[in-house]
Amino acid sequence: MFAVHLLAFHFTKLKEDQIKKVDRYLYHMRLSDDVLLDVMARFQAEMVKGLGRDTNSTATVKMLPSFVRSLPDGSEKGDFLAVDLGGSQFRALEVKVFNDGKQSSQLESKFYPTPKEVIQGSGTELFNYVADCLLDFMESKNLQHKKLPLGFTFSFPCKQTKLEEGALLAWTKHFKVRGVQGTDVVSSLRKALQKHKDINVDVLAMVNDTVGTMMTCGYDDPHCEVGLIIGTGTNACYMEEMRHIDMVEGDEGRMCINTEWGAFGDDGALDDLRTEFDRELDLGSLNPGKQLFEKMISSLYLGELVRLILLKMTKEGLLFNGKVSTALLTKDKIEMKHVCAMEKYKEGLSNTKEILTELNLFPSEEDCIAVQHVCTIVSFRSANLCAAALAAILTRLRENKKVLRLRTTVGIDGGLYKTHPQYPKRLHKVVRRLVPNCDVRFLLSQSGSAKGAAMVTAVAYRLAAQRKQIDAVLAPFLLSLDTLREVKNKMRAELEYGLKRETQASATVKMLPTYVCGTPDGTESGKFLALDLGGTNFRVLLVKIRSGRRRSVQMYNKIFAIPLEIMQGTGEELFDHIVQCIADFLEYMGIKGARLPLGFTFSFPCRQASIDKGTLVGWTKGFKATDCEGEDVVDMLREAIRRRNEFDLDIVAVVNDTVGTMMTCGYEDPNCEIGLIAGTGSNVCYMEDMKNIEIVEGNEGKMCINTEWGGFGDNGCIDNIRTKYDKQVDEGSLNAGKQRYEKMTSGMYLGEIVRQILIDLTKQGLLFRGQISESLRKRGIFETKFLSQIESDRLALLQVRRILQQLGLDSTCEDSIIVKEVCGAVSRRAAQLCGAGLAAIVEKKRENRGVEHLQITVGVDGTLYKLHPHFSRVLQETVRELAPQCDVTFMLSEDGSGKGAALITAVAKRLHNIGRK
């Protein structure tokens, strides 16, 4: 028993001694975590360099765009062919993808050898060989007369300009084919295929094997957004944000980047880590000075590295009693399969003895232990370096997503990872140590990268079909210049109907006289109260106007909410609530006893008989208070003040918010004679010649006309441009059949139009995986402010996804792109329609003045115009296009409904005083 223990102790001591000896000898190959973190940082910097347009040419990590923009979503279906060129064998496949709810696929394939004369011959010979093999495969499966889409896995660095186009940058591994570098390999494959009359295929996609691996695994796991190959060669790809890829136009969505990390260090960045053995191996390779990172990692080189180390150690008398065999002097005599066998857990030492004996080295027990440890250090360094670069990619993904903790899947393929007994465990452990804030699942590709090429083709097929469906849905929102001219002309006709006595009653654009007959001239002064009712909030303001050299306007205001039950209760309750708010404000300002002149901004259609009389034509914007329509709102306000019996006010003017906007801007710019509101509602007013207003007596001077253009189209004149979504929104509104133009152009309705489109696209399976969430079913959930946020140029898709998540919509990156496109189509149409209407007004002003060229200012207010990132620009462009003889300046109004009401009151007082004199 003692002898057994003694023997065990002797063997353990022997093993320790040999391991220490090798550790000392290969000290530079053993990399600490600090060194690996440094490698990770260097690789991150190289990735940034590769993505930049100005720095890409000098980057060793080329970060090649693959034009693969979408991962499989499970809805792919159909029969696809794939060919896989790049490893020690060529492979042809047929992949059937089923959309049966189980995400299942069926794969049949055939392997063909890649003879040396083919992989080191001419390009024509290579692609003819690929075509011959594909024909053989198709004949064996009786597919030769079918037209099938084909994906091409080409495992070499290519510069792609499209999904189905890529020029070879350089051969790697053992390939050295003449006349291919710098040419489009898809074009070469197509030419070779055309020689065979029996082959009828459509090459839709070319992918790198790494991208193919990611797509294969992505079909089984939607979290897979990284592909990794560790085999004959090594490489990684991942899904990068488009906004970071300078070499490709566009900022929306993501694209798979093929890093081509094998060339990392070709600029000397890893020279401090490369050993004399790495340098010797590189000098003896087919491509000296290139793919230096790959030469430290991939299975093509690890066996040779081991041989070079053993040779030197033997020459120095550290192994095999210093006796070198012919086999040990022969290049590539030790292969990766030998390294794998020697590192096996239990039979590793006996395998080592057997392999070394075959090399005529006659090893001792000590030799076998030492050689086994050499293999361990070489393969462990490979796993460490691979882990450091992968950790850099995972960190970039986490930072792109702006999350504290990343959950993702890495799809892996390659002989070294699959066959080496310790490699996967080592790689996983080091990655988790280097990036503890990333939860990584490593998924082994079962079907190889070629299935990925078929999946890329299937995704491309799906996206093309989806694109057609989305385009069909959004086509009615794309208005041509001719259509917009038609809208302008119809608006012009409706303006005329509204001004004429005999047609005014049936006109949809009511052209209501406001009895505001002048704009500010700068002499206005005094204290005025203003009330502002037009939305869910009600404001009371005290406005102090000073004239002369120190001309200024000071405002004090308080905002009060109007509860829904008041908005939709009785008229008496509404006006009592308004008077309560006024009382609170007067108390707050300490002016309850003063009888101040008051302007009442009432932002609903009113028919006025004078400046202080306004009969409500009809409620809009969600108001439904009873016993108000057909009544004079000024009388209703006076009665409510009398009922309260606490204070008295001099109600001088009832004002529309659009008129207030024009007056506010008119105070700053005398050329402002048009007011536009583009916010919750949509409306325009302008100064019309009295002689054109048939419904008001008198022909001298001008009067402001409140067009109330929101009702344009209520007679069906623009039904040709109303979509089914507009009709759905109208039918679900409080005033179905009314304010049709407003429902296509104003902030209150745009979000609801978007919601209806999103529901339709989801029903068609084009959004949110075909699942209509409870929140999407809720009317009004998609507020117009979300359109402004989603369409912001500064907002990355990640933030768009967050907005959608807040709405309870779990979206993918692709969903976010579609939602953004829908929002853009709806808001652009709104701005164009608004612009067409405004063009009709400015053209009328030009004709009124009888001038060839008009210069005029439009005062504008409203959240849609002010806050939406593109609305104002599109509206202005449309006016320029449709009214080229008018030079229109757009001026933002500051508080048209408050300050404007006070100014109208001040102007009315001034004109009244002039009249009395």
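Residues numbered from 1 in each chain as written. Predicted model: local features only at pLDDT ≥ 70, side-chain atom pairs only at ≥ 80, totals over all residues. Heavy atoms only, no water.

1. Quick look at the overall build of the protein
Assigned secondary structure in the protein consists of 30 helices and 26 strands. Whereas a compact globule of 917 residues would reach a radius of gyration of roughly 29 Å, the protein reaches 39 Å, over 25% beyond that. Over its C-alpha atoms, taken along the principal directions, the protein stretches across nearly 125 × 70 × 50 Å. A total of 917 residues make up the protein; the buried ones form 59% of that total. Per element, the accessible surface of the protein, about 37,700 Å² overall, is 50% carbon and sulfur. Between the averaged position of the 121 positive side-chain charges in the protein and that of its 119 negative side-chain charges there is a distance of 2 Å. (Helix = DSSP H or I, 4+ residues; strand = E, 2+ residues; numbered from the N terminus. Rg over C-alpha atoms; globule rule 2.2 N^0.38 Å. Buried < 20%, exposed > 50% of the residue type's maximum accessible area, 1.4 Å probe, protein only. Areas by Shrake-Rupley, 256 points an atom, 1.4 Å probe, with all protein chains shown as cover. Lys, Arg positive; Asp, Glu negative; His and termini not counted. Charge placed at Lys NZ, Arg CZ, Asp CG, Glu CD.)

2. Quick notes on unusual backbone geometry
Residue F67 is not a glycine yet carries a positive backbone phi of 65 degrees. Summarising the element assignment, F67 is placed in the loop between strand 1 (64–65) and strand 2 (78–85). With relative accessibility at 15%, the residue F67 sits in the buried group.

3. Description of the pattern of salt bridges
Within this structure, the stated rule accounts for 61 salt bridges. Between R42 and D38 there is a salt bridge, and its shortest N-O distance comes to 2.6 Å. In this pair, R42 and D38 both sit in helix 2 (residues 33–51), four residues apart, roughly one turn of the helix. Note on D38: relative accessible area 34%, which makes it partly exposed. The residue E673 makes a salt bridge to R849 at a minimum N-O spacing of 3.6 Å. Of this pair, E673 sits in strand 22 (residues 672–678) while R849 sits in helix 27 (residues 813–849), placing them 176 residues apart in sequence. Judged by relative accessible area, E673 falls into the buried class, the value being 12%. Each of the salt bridges in this network shares a partner with another, and the network as a whole consists of R492, E496, E688, K844 and E847. (Salt bridge = Lys/Arg side-chain N within 4 Å of Asp/Glu carboxyl O.)

4. Describing helix 12 (residues 348–358)
The set of residues buried in helix 12 consists of G348, N351, T352, I355 and L356. Down the axis of helix 12, the smallest arc covering the buried residues is 125 degrees, so these residues share one side. As for helix 12, its buried residues are in contact with helix 9 (299–315), helix 11 (336–342) and helix 13 (365–401). Directly beyond the C-terminal end of helix 12, a positive phi value near 60 degrees is found at N360. (Arc of directions from axis to C-beta. Contact = heavy atoms within 4.5 Å.)

5. Considerations on the environment of E225
Within the element layout of this structure, E225 appears in strand 9 (residues 224–230). Each C-alpha atom of the pair E225 and L394 lies 9.7 Å from the other, and the pair is 169 residues apart in sequence. If near-sequence neighbours (up to four positions away) are discounted, E225 is found in contact with M214, C237, Y238, M239, R254, L397, K401, L406, R407, T408 and T409.

6. Examining the confidence of the model for the protein
With 96% of its residues at a pLDDT of 70 or more, the protein shows a mean pLDDT of 89. Overall, residues 1–11 carries pLDDT values under 50, and its contacts beyond four positions in sequence, including any with other chains, amount to three contacts. (pLDDT = per-residue confidence, 0-100.)

7. Quick notes on the sheet that holds strand 10 (residues 234–241)
Taken in spatial order, the six strands make up an open sheet running 1-11-10-9-12-13, and their pairing is mixed. The open sheet has two edge strands with one neighbour each: strand 1 and strand 13 (438–444). In this structure, strand 10 lies alongside strand 11 (residues 254–258), joined through five bridges in antiparallel fashion. Across the sheet, Y238 pairs through a bridge with I257, a residue of strand 11. (Pairing = 2+ DSSP bridges.)

8. A look at the nonpolar core
Core analysis: the largest hydrophobic core is formed by 115 residues, its most contacted members being L228, W261, L394 and L427. In terms of residue count, the dominant contributor to this core is helix 13 (19 residues). Of all hydrophobic cores here, the second largest spans 84 residues; its members include V509, M744, L767 and L809. (Core = buried A, V, L, I, M, F, W, Y, C linked by side-chain atoms within 4.5 Å.)

9. Observations concerning the sheet that holds strand 2
Reading across the sheet, the five strands line up as 4-3-2-5-8 and stay open at both edges, with mixed pairing between neighbours. Pairing within the sheet leaves two strands with one partner each, and these edge strands are strand 4 (104–113) and strand 8 (201–207). Taken pair by pair, the neighbouring strands of this sheet meet at an average axis angle of 20 degrees, ignoring direction. Here six bridges tie strand 5 (residues 148–154) to strand 8, and the two strands are oriented parallel to one another. Within strand 8, the residue paired with P149 across the bridge is D202. Of the strands in this sheet, strand 2, strand 3 (89–98), strand 4, strand 5 and strand 8 touch helix 4 (residues 123–140), which is tilted by about 130 degrees from strand 4. The sheet contacts of helix 6 (residues 209–220) involve strand 3, strand 4, strand 5 and strand 8, and relative to strand 8 the element is tilted by about 100 degrees. (Axes fitted to C-alpha atoms, helices over the stretch in contact; angles between N-to-C directions.)

10. Thoughts on the environment of S610
Relative to the assigned elements, S610 resides in strand 19 (residues 606–610). Its relative accessible area of 23% is what places S610 among the partly exposed residues. Linking S610 and V654, residues 44 residues apart in sequence, is a C-alpha distance of 9.0 Å.

11. Topic: the packing of helix 2 against helix 15 (residues 423–434)
It is at 11 Å that the axes of helix 2 and helix 15 come closest, and there the two elements cross at 75 degrees. It follows that helix 2 is roughly perpendicular to helix 15 by the angle criterion. Between helix 2, through D33, L36, L37 and M40, and helix 15, the contact on the second element is made entirely by V430, R433 and L434. The class makeup of the residues in the contact of helix 2 with helix 15 is five nonpolar, no polar and two charged. (Parallel < 35°, antiparallel > 145°, perpendicular 65-115°, else oblique. Nonpolar A, V, L, I, M, F, W, Y, C, P; charged D, E, K, R; others polar.)

12. Considering a negative patch on the surface
A cluster of acidic residues, E572, E573, D627, E631 and E639, forms a negative patch at the surface. As for its position among the elements, E572 is in helix 19 (residues 571–589). (Patch = residues over 30% accessible without salt bridge, like charges linked within 9 Å, V, L, I, M, F, W, Y side chains within 5 Å.)

13. Observations regarding helix 27
Its 37 residues place the ends of helix 27 53 Å apart at the C-alpha level, agreeing with the 54 Å of an ideal helix rising 1.5 Å per residue. Of all 37 residues in helix 27, 29 are buried, a share of seventy percent or more. (Expected span 1.5 Å × (residues − 1).)

14. A word on the packing of aromatic side chains
Using the criterion set out here, one finds 24 aromatic pairs in the structure. Their ring planes at 65 degrees and their centres at 5.8 Å tell us that F154 and W171 sit as a pair that is edge-to-face. Here F154, found in strand 5, pairs with W171, found in the loop between strand 7 (165–168) and helix 5 (185–194); they are 17 residues apart in sequence, far enough to count as distant. There is no split in this pair, since F154 and W171 are both buried. Aromatic ring contacts, followed pair by pair, group F152, F154, F156, W171 and F175 into a single cluster. If you follow K558 out to its NZ or CZ, it ends over the ring of Y588, 4.6 Å from the centre. (Phe/Tyr/Trp six-rings, centres within 6.5 Å; stacked < 30°, edge-to-face > 60°. Lys NZ or Arg CZ within 6 Å of the ring centre and 35° of its normal.)

15. Considering the state of the cysteines
Inspection of every chain in the model, using the stated rule, returns zero disulfides. The structure places no disulfide on C386, whose sulfur is separated from the nearest cysteine sulfur, that of C237, by 13 Å. Take C704: it sits in no disulfide, and the sulfur closest to it among the cysteines is that of C685, at 3.8 Å. Residue C704 is classed as buried on the basis of its relative accessible area of 0%. (Disulfide = S-S within 2.5 Å.)

16. Brief notes about empty space enclosed by the protein
Considering all chains together, one arrives at five cavities of 30 Å³ or more under this definition. Each pocket or cavity is described by its volume, and for the largest cavity that value is around 100 Å³. Lining the largest cavity are 15 residues, with S155, K173, T234, N235 and E294 sitting closest to its centre. Looking at the lining of the largest cavity, the elements with two or more residues in it are helix 6 and strand 10. Partitioning the lining of the largest cavity into residue classes produces three nonpolar, eight polar and four charged. (1 Å grid on protein atoms, 1.4 Å probe; cavity = no way out; pocket = protein on both sides within 12 Å on 5 of 7 lines; lining within 4 Å. Points joined across faces, edges and corners; volume = space filled by probe spheres on them.)

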